[in-house]
Amino acid sequence: MKRILTAAQMKQADRNTIETMGVPSLVLMERAALSCVEELQNGTWDTGKVLAVCGPGNNGGDGAAIARILKTKGVDAELFCLGNPEKYSEGMRAQKKIAENYGVREVKNPDFREYTVIIDAIFGIGVSRPLAGEYRRAVEAICASGVPVLAVDIPSGIHTDTGEVLDAAVKARATVTFACAKPGLLFDPGKRYAGEVLVRDIGIGFDAGEEETPWYGSVEKEDLDRFLTRTPMGNKGTFGKVLVLAGSGAMCGAAVLCARAVLASGAGMVKVVTEERNRTPLFCALPEAMADFWKEDEPLPEEALLQDLAWADAVVAGPGLSKSRTAKELLVFTVQHTEVPLVLDADALNLIAEDAEILSGCRAEKILTPHVGELARLLHMTIAECQRDPAGSAGRAAEKYQACCVRKDSVTVTAEEGREQYYINTSGSSALATAGSGDVLAGITGAFAAKRQCEKNEKKISLAKTAALAAYAHGKAGEAAEEKSSASYVTASEIIRGLQSI
Ligand SMILES: NC(=O)C1=CN([C@@H]2O[C@H](COP(=O)(O)OP(=O)(O)OC[C@H]3O[C@@H](n4cnc5c(N)ncnc54)[C@H](O)[C@@H]3O)[C@@H](O)[C@H]2O)[C@@H](O)CC1
Ligand SMILES: [K+]
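Under an unreviewed UniProt entry, the name given to the protein is Bifunctional NAD(P)H-hydrate repair enzyme, and the organism recorded is Fusicatenibacter saccharivorans. Recorded in UniProt for the protein, the comment headed Subunit (unreviewed entry) runs: "Homotetramer."

Structural data, given as structure tokens:
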């Protein structure tokens, strides 16, 4: 698990390192600069002629230190400083003086195209308003030059906490960021501006405060491997039994994909409850599945359903379910009689968006997996509003529906109810944007929720972390599928196969 820090939390961590731990600010800056120089000298950058573009704050100080260290290594490195020198931060003032002492040349009106690398050290986590005047002109000229850019800490003009572009921003080939990633480097559009994000340790002795909110983190491969470890003493009944309520008359595929993903994600058994017309295609496509059936406009098979719900360790409801009268009755019955974790996806979410009463009296822990369109319907907001605030909109749905909410988008965010805690997903690509991909994620989430349900209490991770692990596995499976061909050719079935190569 990796912590992700907001600007305020990172500043607190810097302050704590300097004031409480006693590490001088210039030492941190030196380490920050050295980590950027190390990146620049890894053989993938042409350091023939380097320009460090420095702002008035400590980000600028990093830039001046980078130019000076490069100069001592024989690189032709120059400085271009923006802002009023009287308003420089102490760190910038000191670093600029040191650079001068080492003979680093300061240029006043550079032609950016003359350089082989530009260091973007205009603003870091201290950026506080849209870029204007000379800052904006510099950013636009850097972008227009086409010269590869290494951004220091965060591309200048990107909001550290939201990833928004503050009117103009530098587009970097890579960003070296210090101590921890920042939300703005992982959310769109900041993610597209940051290029490759390299997190470097500079000796920050934080505790930025575990309790401090908002709390952001990302799960990693080790977390997934740890979670998926199987006890050799287990059997198909103890690895998780998942009930999938999916597929209406016209939509058998969603049920098949979801149930197949359940089995490919480590669950021991899957049972599908689907519309009668899906009987033959379901058994042909997935001989491993058990099944029960319902018929449109006929009474629900309540006895069988009660037994299925008592058997399951987790329930997934919604993929391809339709919003028919009987589908809604099935959903209401399931919500009222489920006591194990309930994953609500697709049409289940659409039905709930139209009638929130469906969830009243629900005793189960819930995971909602809406894409942004479904989330907008659940929150009665516009899609644009939900896109503008990835974490906040996920959090709002978690609060409103007393659930954990997995907000699916190019960057998936999982929010937990009751606390401002968010997992930002770091895996996946546009390969995941294909029909049936959501059914696969619902299946993986159901399998993981069932596995968690079977764990002993002391080993149990939170439901939100379980859902975040499912989103991470889904993204990794998409990446594995993409490696075999290209993002354009990946299908949902290939994402399921990709699970084997994570
Ligand atoms: N000692 C420390 O505190 C360390 C700081 N570090 C670097 O310092 C950065 C943070 O430094 P600062 O807090 O000085 O912040 P910045 O260097 O990001 O910029 C802050 C300065 O820019 C001004 N400013 C902000 N937005 C502006 C805008 N749109 N137009 C014009 N002026 C604007 C502010 O008034 C302030 O003077 C980090 O991102 C990192 O690169 C690292 O060297 C690690 C150690
Ligand atoms: K920067």
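## Observations concerning the domain arrangement of the protein
In terms of domains, the protein is made up of domain 1 (2-204) and domain 2 (221-501). Spacing between the C-alpha centres of domain 1 and domain 2 amounts to 42 Å. Contacts between the two partners involve seven residues from domain 1 and, on the opposite side, seven residues from domain 2. Here domain 1 and domain 2 share an interface that buries about 660 Å² over both sides, 69% of which is from carbon and sulfur atoms. Of all residues in domain 1, L186, F187 and D188 give up the largest surface area on contact with domain 2, accounting jointly for 62% of the area buried on that side. Summed over the shared surface of domain 1 and domain 2, the number is zero salt bridges. Taken together, the elements giving at least two residues each to the side of domain 1 that touches domain 2 come down to α6 (183-186) and α7 (190-194).

## A closer look at the sheet that holds strand β2 (residues 50-54)
With respect to topology, seven strands assemble into an open sheet ordered β4-β3-β2-β5-β6-β7-β8, the strand pairing being parallel. For this open sheet the edge positions go to β4 (105-106) and β8 (196-200), each flanked by a neighbour on one side alone. Bridging between β2 and strand β5 (residues 117-121) involves five bridges; their strand directions are parallel. Bridge pairing in β5 links V53 to D120. In the packing of helix α4 (residues 90-101) onto the sheet, the strands contacted are β2, β3 (77-81) and β4, and the crossing angle to β3 comes to about 140 degrees.

## As for the coordination of the potassium ion (ligand 2)
Geometrically, a metal with four donors at the corners of a regular tetrahedron has ideal angles of 109.5 degrees, and one with six donors at the corners of a regular octahedron has ideal angles of 90 or 180 degrees. The protein atoms that coordinate the potassium ion (ligand 2) are N59 (OD1), D120 (O), F123 (O), V152 (O), I154 (O) and S156 (OG), at distances spanning 2.6 to 3.2 Å. Here the potassium ion (ligand 2) is ringed by six donor atoms whose angles at the metal span 65 to 173 degrees, and the overall shape comes out irregular. In the primary sequence, the donor residues of the potassium ion (ligand 2) line up as N-x60-D-x2-F-x28-V-x1-I-x1-S. On the criterion of sequence distance, the pair formed by N59 in helix α3 (residues 58-72) and F123 in the loop between β5 and α5 (133-145) is long-range, its members being 64 residues apart. Given the relative accessible area of 8%, N59 is considered buried.

## Some details on the nonpolar core
Soluble, globular proteins show a tendency: their nonpolar side chains are buried together. The biggest cluster of nonpolar side chains holds 55 residues, and the ones touching the most others in it are V244, I367, V440, I444 and F448. For this core, the leading source of residues is helix α18 (residues 463-484), giving 10 residues. Apart from residues no more than four positions distant in its own chain, I444 is found in contact with A261, S265, A470, A473, H474 and L499. The next biggest cluster of nonpolar side chains, apart from the first, holds 41 residues, and it includes V37, W45, M92 and F178.

## Considerations on the packing of helix α13 (residues 346-354) against helix α14 (residues 372-379)
Here α13 crosses α14 at 20 degrees, and the two axes come no closer than 8 Å. It follows that α13 is roughly parallel to α14 by the angle criterion. α14 is crossed by α13, and the crossing has left-handed handedness. Here A346, L349, N350, I352 and A353 of α13 lie close against α14, whose contacting residues are E374, R377 and L378. Classifying every residue of the contact of α13 with α14 by side-chain character gives five nonpolar, one polar and two charged.

## Notes on the packing of aromatic side chains
In the structure shown here, the tally under the stated rule is seven aromatic pairs. When the ring of F123 is compared with that of Y135, the centres are 4.9 Å apart and the planes differ by 50 degrees; the resulting orientation is tilted. Linking F123 in the loop between β5 and α5 with Y135 in helix α5, this pair joins segments that are 12 residues apart in sequence. Just as F123 is buried, Y135 falls in that class too. Arranged with centres 6.3 Å apart and planes meeting at 75 degrees, the rings of F187 and Y216 form a pair that is edge-to-face. On the criterion of sequence distance, the pair formed by F187 in the loop between α6 and α7 and Y216 in strand β9 (residues 215-218) is long-range, its members being 29 residues apart. Of the aromatic side chains, those joined through ring pairs into one cluster are F187, Y216 and Y422. The aromatic ring of W45 is capped on one face by R173, whose charged end is 3.8 Å from the ring centroid.

## Observations concerning the site of ligand 1
In the vicinity of ligand 1, 24 residues are found, and the nearest of them are S25, D62, G124, R129 and D153. Here N59 contributes a side-chain N or O atom positioned 2.8 Å from an oxygen atom of ligand 1. At a separation of 2.6 Å, an oxygen atom of ligand 1 approaches a polar backbone atom of G124. When isolated, ligand 1 has an accessible area of 870 Å², and the protein chains bury 83% of it. Of all the secondary-structure elements, those providing two or more residues to the shell around ligand 1 are α1 (7-20), α2 (25-40) and α3. Per-element accounting of the shell around ligand 1 gives the leading share, four residues, to α2. Among the residues forming the shell around ligand 1, the class breakdown is 13 nonpolar, seven polar and four charged.

## Regarding the UniProt feature "domain: YjeF C-terminal" (unreviewed entry) in the protein
Here the UniProt-annotated "domain: YjeF C-terminal" (unreviewed entry) positions come out as residues 219-502. Within residues 219-502, the helical portion is 47% and the strand portion 13%, while the C-alpha atoms at the span's ends are 14 Å from each other.

## Observations concerning the sheet that holds strand β1 (residues 2-4)
In space, the 11 strands of this open sheet follow the order β1-β9-β18-β17-β16-β15-β14-β13-β10-β11-β12, with mixed pairing throughout. Edge positions in the sheet fall to β1 and β12 (290-294), since each has one partner strand and no second. Neighbouring strand axes in the sheet, compared pairwise and without regard to direction, differ in orientation by 20 degrees on average. Alignment of strand β14 (residues 342-344) against strand β15 (residues 366-368), held across three bridges, turns out to be parallel. Within the sheet, the bridge partner assigned to L344 lies in β15 and is L368. Packing against the sheet, helix α11 (residues 302-311) makes contact with β10 (241-245), β11 (269-275), β12 and β13 (314-317), and its axis sits at approximately 150 degrees to β11.

Rules used in this analysis
Residue positions are counted from 1 within each chain, in the order its sequence is given. The lettering of chains begins at A and the numbering of ligands begins at 1, in the order of writing. Selection of residues for local features in this predicted model requires a pLDDT of at least 70, selection of side-chain atom pairs for listing and counting requires 80 or more, and totals for whole chains, interfaces and linings are taken over all residues. Processing note: side-chain calculations cover all non-hydrogen atoms of the structure and skip hydrogens and water entirely. UniProt positions are given in the numbering used here, feature names are shortened, and annotations may be inferred rather than shown by experiment. By convention here, the domain bounds are inherited from an automatic or database domain assignment. Any two residues whose heavy atoms approach within 4.5 Å at even a single point are treated as in contact. By buried area we mean the combined loss of accessible area, with a 1.4 Å probe, across both parts when two parts are placed together. The salt bridge definition used is simple: a Lys or Arg side-chain nitrogen within 4 Å of an Asp or Glu carboxyl oxygen. Secondary structure follows DSSP: runs of H or I at least 4 residues long count as helices, runs of E at least 2 residues long count as strands, and numbering of each begins at the N terminus. Should DSSP find at least two bridges between two strands, the strands are regarded as paired. In this analysis an axis means a line fitted to C-alpha atoms, helices contributing only their contacting stretch, and an angle means the value between N-to-C directions, from 0 to 180 degrees. Counted as coordinating are nitrogen, oxygen and sulfur atoms within 2.8 Å of the metal, or 3.2 Å for Na, K and Ca, while water is not included, which may make sites look incomplete. Only four donors with every angle between 85 and 135 degrees are called tetrahedral; only four or six donors with opposite donors over 155 degrees apart and all others between 65 and 115 are called square planar or octahedral, in that order; all others are irregular. When accessible area is computed with a 1.4 Å probe and restricted to protein chains, residues below 20% of their type maximum are described as buried, those above 50% as exposed, and intermediate ones as partly exposed. We call a set of buried residues a nonpolar core when its members are Ala, Val, Leu, Ile, Met, Phe, Trp, Tyr or Cys and they connect through side-chain atoms within 4.5 Å of each other. For classification purposes, angles smaller than 35 degrees are called roughly parallel, those larger than 145 roughly antiparallel, those between 65 and 115 roughly perpendicular, and all remaining angles oblique. With the far helix as reference, a near helix turned anticlockwise by less than a right angle produces a left-handed crossing, and one turned clockwise produces a right-handed crossing. For this scheme, ten residues count as nonpolar: Ala, Val, Leu, Ile, Met, Phe, Trp, Tyr, Cys and Pro. Four count as charged, namely Asp, Glu, Lys and Arg, and the remainder, Gly too, count as polar. Ring pairs shown here join Phe, Tyr and Trp side chains whose ring centres sit within 6.5 Å, with only the six-membered ring taken for Trp; geometry is labelled stacked below 30 degrees between planes, edge-to-face above 60, and tilted in between. A ring has a charge above it when a Lys NZ or an Arg CZ is no more than 6 Å from the ring centre and no more than 35 degrees off the ring normal. One heavy atom suffices: a residue is near a molecule or strand as soon as one of its heavy atoms comes within 4 Å of it. Any pair of N or O atoms that falls within 3.5 Å is considered a polar contact. Within protein, one atom must be able to donate a hydrogen and the other to accept it, and sequence-neighbouring residues count only if both atoms are side-chain atoms. Computed with a 1.4 Å probe, the accessible areas rest on the Shrake-Rupley method; for each residue, only the protein chains presented here act as cover.

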